[in-house]
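The lines below spell out each chain.
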Amino acid sequence: MSTQPQQPILEVDRLHHEYSAGRPAIDSVSFTIGSGELVSIVGPSGCGKTTLMKSIAGLMRFTSGTVRLRGQDVNDVPADLAMVFQDYGRSLFPWMTVEANVELPLRYLQVSKRERKDRTAHALAEVGLSRDSDKYPWQLSGGMQQRAAIARALAYRPRLLLMDEPFASVDAQTRSDLEDLVAAVHRKHGTTIMFVTHDIDEAIYLGDRVVVLTGAPSRTLKELPIDLPADRDQIETKATSEFIALRSEVALLIRQAVAESGHRRTPQS
Amino acid sequence: MTLGNVRQVEPATEPTGNDRAMQAPLPAKGRTKKSLQPVVRGAVGVAAFAVLAQVATSAGWLGSDFPTATQVLSEMFTLLSNGEFLLDIGWSLYAWALAMVLSLVIAVPLGVLIGSIPVVAKATAVPIEILRTLPSVALIPIFILVLGSDTQMKVVLTLFATVWPILFNTVYGMKDLDPVALATARSFRLPRTAVLRRVVLPSVAPFVLTGVRISAALGLIIVVGSELVAGSSAGIGAYILDASLLGTTTVVLAGSVVTGILGTAVNAGLTILDRILFAWRLKMTAADR
Ligand SMILES: Nc1ncnc2c1ncn2[C@@H]1O[C@H](COP(=O)(O)OP(=O)(O)O)[C@@H](O)[C@H]1O
Ligand SMILES: [Mg+2]
């Protein structure tokens with residue numbers, strides 16, 4: 001299903017960033033995300049995905065270009081935006097229970113205590129952690145920790161959810177389950193999600209659209225609509241000829257881009 | 001030295017199994033065995049030392065006037081049933097506790113500031129280096145002159161030694177703040193005070209406690225020592241001083257042993273507190289690193 005972006009929530013235009021002058025981490029990245037869309041951003045390791053994420057989240061200043069969230073330039077960390085980090089182990093606070101972790105950001109919103117408790121309980125139920133709410137993060141498996149981090153983001157009810165390679169550190173089975181969890185949340189609540197990954201299968205499986213980035217320093221290479229049915233299945237969907245065709249297309253694009261960026265970079269390095 | 005922003009946010013990429021939690025808590029049996037071992041070893045050490053002391057003193061190696069270990073021990077029990085001496089213990093502990101609380105009040109906020117604002121770190125580096133190398137014993141005459149020879153003097157003098165371990169450990173803890181944890185807090189727009197209360201302080205708390213443990217033992221020695229040197233009117237040191245003037249060596253030694261036992265007890269208490277409060281650190285290190 002490809003939802004045409006009606007009114008873009010996020011507009012990234014020619015974003016460029018150099019950590020040190022003359023050595024760009026991101027060359028030029030542009031894309032938009034419409035309300036209710038799940039857009040996968042796929043690119044090889046080190047191409048600047050985390051940098052892109054942090055720029056959008058207002059966690060760092062980028063060198064040039066624009067990031068607009070609902071028409072507003074992003075300077076500070078925008079309200080109603082939530083992030084899920086790859087490193088769940090360090091993103092959850094180990095001195096708080098799972099429930100306290102999920103509840104924490106809500107304490108600083110204009111939300112009554114009752115609603116706060118409600119939202120927390122719902123979010124925990126949604127990710128299947130109701131029975132573990134009193135546990136501490138370090139008492140949970142990696143996959144469950146990432147569920148807790150997702151619950152925290154969901155309870156916050158962001159207009160835009162940023163996920164930075166959230167499942168790169170969990171095993172394959174857990175990863176499939178978590179992917180389906182994200183798909184289910186997206187379908188059920190229509191949450192707008194920017195899902196960053198280096199995994200082509202994951203990008204296609206989850207995305208309404210896929211934005212393909214080149215190798216470092218990244219440029220936007222191509223945007224592909226994903227015309228797969230909304231109800232996807234880990235085994236069946238991935239076996240369809242459409243999926244396989246998309247996968248080869250993206251893989252070829254990245255391979256070419258990496259080769260090209262190799263050429264571009266040779267004089268420098 | 002730049003503090004706070006030295007580390008970049010770079011998520012670790014090591015694959016992690018989903019059953020790590022099962023490895024985290026050590027099996028109960030192994031745990032008790034492990035934690036009992038040092039106690040047993042400590043007891044053996046103390047016993048060995050006591051025997052050695054008894055042999056040395058009764059054989060007269062330390063001079064024929066030197067009291068034997070058993071004499072010192074029995075004198076210690078006499079002292080502990082002596083109301084006057086107990087009151088003196090109280091006075092020493094009072095000065096010590098005040099110094100510890102003040103150390104915390106000074107060192108933790110200062111450490112947090114130094115650890116989060118590079119300008120403060122730069123501005124304070126040299127003064128701190130100078131102040132901390134001043135030996136507090138050398139300051140006793142000045143402090144007596146200004147503050148007299150009782151609680152005020154004891155507290156300030158002790159403070160002068162006990163702030164540093166807490167301060168340096170706090171700064172060290174600030175360097176250990178996890179950039180991902182901080183980025184998470186910022187991404188949810190936690191107000192500054194909330195970041196401080198919910199993220200920064202819990203992160204540095206174990207480090208602070210380590211500092212407190214070092215300071216606590218040190219502080220007790222300095223309190224009693226300053227009472228001795230300054231001729232305070234109350235405190236364990238004052239009691240020991242009186243005894244030494246009367247030439248009762250047994251009492252002097254018994255008083256010193258009591259001080260040592262107090263220090264050990266405080267240290268043990270803080271170690272247990274550390275285990276209870278910061279269990280998550282042990283588990284985290286067991287599971288993650
Ligand atoms: N804080 C930083 N300072 C300097 N260089 C950085 C910093 N963070 C990332 N980089 C560099 O920028 C490039 C892109 O990194 P990153 O955005 O983490 O890529 P990705 O998330 O796609 O793996 C890499 O070469 C990385 O070494
Ligand atoms: Mg990354």
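Residues numbered from 1 in each chain as written. Chains lettered and ligands numbered in written order. Predicted model: local features only at pLDDT ≥ 70, side-chain atom pairs only at ≥ 80, totals over all residues. Heavy atoms only, no water.

K.L.:
An account of the packing of helix α8 (residues 179–187) of chain B against helix α9 (residues 192–230) of chain B is needed here, citing residue identities and associated values.
P.N.:
Residues and elements named next belong to chain B. In contact at an axis separation of 11 Å, α8 and α9 are set at 155° when each is read in the N-to-C sense. What the angle tells us is that α8 and α9 run roughly antiparallel. The hand of the α8/α9 crossing is right-handed. Listed contacts from α9 to Ala 181, Leu 182 and Ala 185 of α8 are Val 195, Val 199 and Val 200. For the contact of α8 with α9, the class distribution of residues is 6 nonpolar, no polar and no charged. (Axes fitted to C-alpha atoms, helices over the stretch in contact; angles between N-to-C directions. Helix = DSSP H or I, 4+ residues; strand = E, 2+ residues; numbered from the N terminus. Parallel < 35°, antiparallel > 145°, perpendicular 65-115°, else oblique. Left-handed = near helix turned anticlockwise from the far one by under 90°. Contact = heavy atoms within 4.5 Å. Nonpolar A, V, L, I, M, F, W, Y, C, P; charged D, E, K, R; others polar.)

K.L.:
Describe the pairing of strand β4 (residues 64–69) of chain A, with residues and values.
P.N.:
Residue and element names in this part refer to chain A. Examined bridge by bridge, strand β1 (residues 8–20) and β4 share 5 bridges and lie antiparallel to one another. Within β4, the position partnered with Leu 10 by the bridge is Leu 69. Sheet topology places β4 next to strand β5 (residues 72–73); 2 bridges connect them, and they run antiparallel. If you follow Arg 68 over to β5, its bridge partner there is Asp 73. Hairpin remark: β4 followed by β5, antiparallel, with 2 residues in the connecting loop; positive phi at Arg 70, about 45°. (Pairing = 2+ DSSP bridges.)

K.L.:
Account for unusual backbone geometry, naming residues and giving values.
P.N.:
Even without glycine at this site, Arg70(A) takes up a positive phi of about 45°. Tracing the backbone through its elements, the reader meets Arg70(A) in the loop between β4 and β5. In this structure, Arg189(B) is a non-glycine residue whose phi angle is positive, near 55°. With respect to the secondary-structure elements, Arg189(B) resides in the loop between α8 and α9.

K.L.:
Quick one: what's the story with the site of ligand 1, residue by residue and with numbers?
P.N.:
Around ligand 1 there are 11 residues in total, and Gly46(A), Gly48(A), Lys49(A), Thr50(A) and Thr51(A) lie nearest to it. Per-site note: the chains with residues close to ligand 1 are chains A and B. Across the complex, the protein chains shield 69% of the 560 Å² of accessible surface that ligand 1 would expose by itself. Sort the elements by how many residues they give to the shell around ligand 1 and helix α1 (residues 49–56) of chain A lands first, with 3 residues. Its residues assigned to classes, the shell around ligand 1 comprises 3 nonpolar, 6 polar and 2 charged. (Near = heavy atom within 4 Å. Areas by Shrake-Rupley, 256 points an atom, 1.4 Å probe, with all protein chains shown as cover.)

K.L.:
Outline the pairing of strand β10 (residues 218–225) of chain A, supporting the account with residue identities and numerical values.
P.N.:
When a strand is regular, its side chains alternate between the sheet's two faces. Residues and elements named next belong to chain A. Examined bridge by bridge, strand β2 (residues 23–34) and β10 share 2 bridges and lie parallel to one another. By the bridge assignment, Ser 28 is partnered in β10 with Arg 219. Relative to β10, strand β9 (residues 209–213) runs antiparallel, the two being bridged by 5 bridges. Residue pairing for β10: Val 211 is matched across the bridge by Glu 223.

K.L.:
Quick rundown of the domain arrangement of chain A? Include the residues and the values.
P.N.:
All names here are of chain A. Assigned domains within chain A: domain 1 (1–80 + 160–268) and domain 2 (88–157). Once you take the C-alpha centre of each, domain 1 and domain 2 turn out to be 25 Å apart. Here domain 1 packs against domain 2, burying approximately 990 Å² in sum over the two surfaces, 70% of which is carbon and sulfur. The largest per-residue losses of area from domain 1 upon contact with domain 2 belong to Leu 178, Leu 181 and Val 185, which jointly make up 37% of the total buried on that side. Where domain 1 touches domain 2, the interface holds 1 salt bridge. Between the two partners, domain 1 and domain 2, sit 3 residue pairs in polar contact (both at pLDDT 80 or more). (Domains from an automatic or database assignment. Buried area = accessible area lost by both parts, 1.4 Å probe. Salt bridge = Lys/Arg side-chain N within 4 Å of Asp/Glu carboxyl O. Polar contact = N/O pair within 3.5 Å; in protein donor to acceptor, adjacent residues only side chain to side chain.)

K.L.:
Report on the layout of surface pockets, specifying residues and quantitative values.
P.N.:
Unoccupied space between atoms shows up once a probe the size of one water molecule is rolled over them. All names here are of chain B. Taken as a whole, the second largest pocket holds about 670 Å³ of empty space. Within the residue set of the lining of the second largest pocket, elements represented by two or more residues are α2 (28–58), α3 (69–80) and α11 (249–277). When residues of the lining of the second largest pocket are assigned to their parent elements, the largest contribution, 7 residues, is made by α2. Here the lining of the second largest pocket is composed, by residue class, of 14 nonpolar, 6 polar and no charged. (1 Å grid on protein atoms, 1.4 Å probe; cavity = no way out; pocket = protein on both sides within 12 Å on 5 of 7 lines; lining within 4 Å. Points joined across faces, edges and corners; volume = space filled by probe spheres on them.)

K.L.:
Could you give an account of the UniProt feature "domain: ABC transporter" (unreviewed entry) in chain A, naming the residues involved and the relevant values?
P.N.:
Those residues carrying the UniProt feature "domain: ABC transporter" (unreviewed entry) are residues 10–240 of chain A in this numbering. The span residues 10–240 of chain A shows a helical share of 32% and a strand share of 28%, and its end C-alpha atoms are spaced 31 Å apart. (UniProt positions renumbered as here; feature names shortened; annotations may be inferred.)

K.L.:
I'd like a rundown of the sheet that holds strand β8 (residues 192–197) of chain A, residues and numbers included.
P.N.:
Residue and element names in this part refer to chain A. Strand order in this open sheet of 10 strands is β5-β4-β1-β2-β10-β9-β3-β8-β7-β6, and the pairing throughout is mixed. The open sheet has two edge strands with one neighbour each: β5 and β6 (81–84). In this sheet, strand β7 (residues 160–164) lies alongside β6 in parallel orientation, the contact comprising 4 bridges. In the sheet register, Met 83 faces β7, and the bridge partner there is Leu 162.

K.L.:
Can you tell me about empty space enclosed by the protein, naming the residues and giving the values?
P.N.:
Residues and elements named next belong to chain A. Inspection of the entire model under this criterion finds 4 cavities of 30 Å³ or more. By volume, the largest cavity is sized at about 110 Å³. Of all elements in the fold, only α6 (172–189) and α7 (200–206) reach the threshold of two or more residues within the lining of the largest cavity. Counting residues per element, the lining of the largest cavity draws most heavily on α6, at 3 residues. Broken down by class, the residue content of the lining of the largest cavity amounts to 6 nonpolar, 1 polar and 3 charged.

K.L.:
Quick one: what's the story with the side chain of Ser91(A), residue by residue and with numbers?
P.N.:
Mapped onto the fold, Ser91(A) is located in helix α2 (residues 88–91). For Ser91(A), a relative accessible area of 1% translates into the label buried. In terms of polar contacts, Ser91(A) uses its side chain to reach the side chain of Arg152(A), at 2.9 Å. In terms of polar contacts, Ser91(A) uses its side chain to reach the side chain of Thr184(B), at 2.9 Å. (Buried < 20%, exposed > 50% of the residue type's maximum accessible area, 1.4 Å probe, protein only.)

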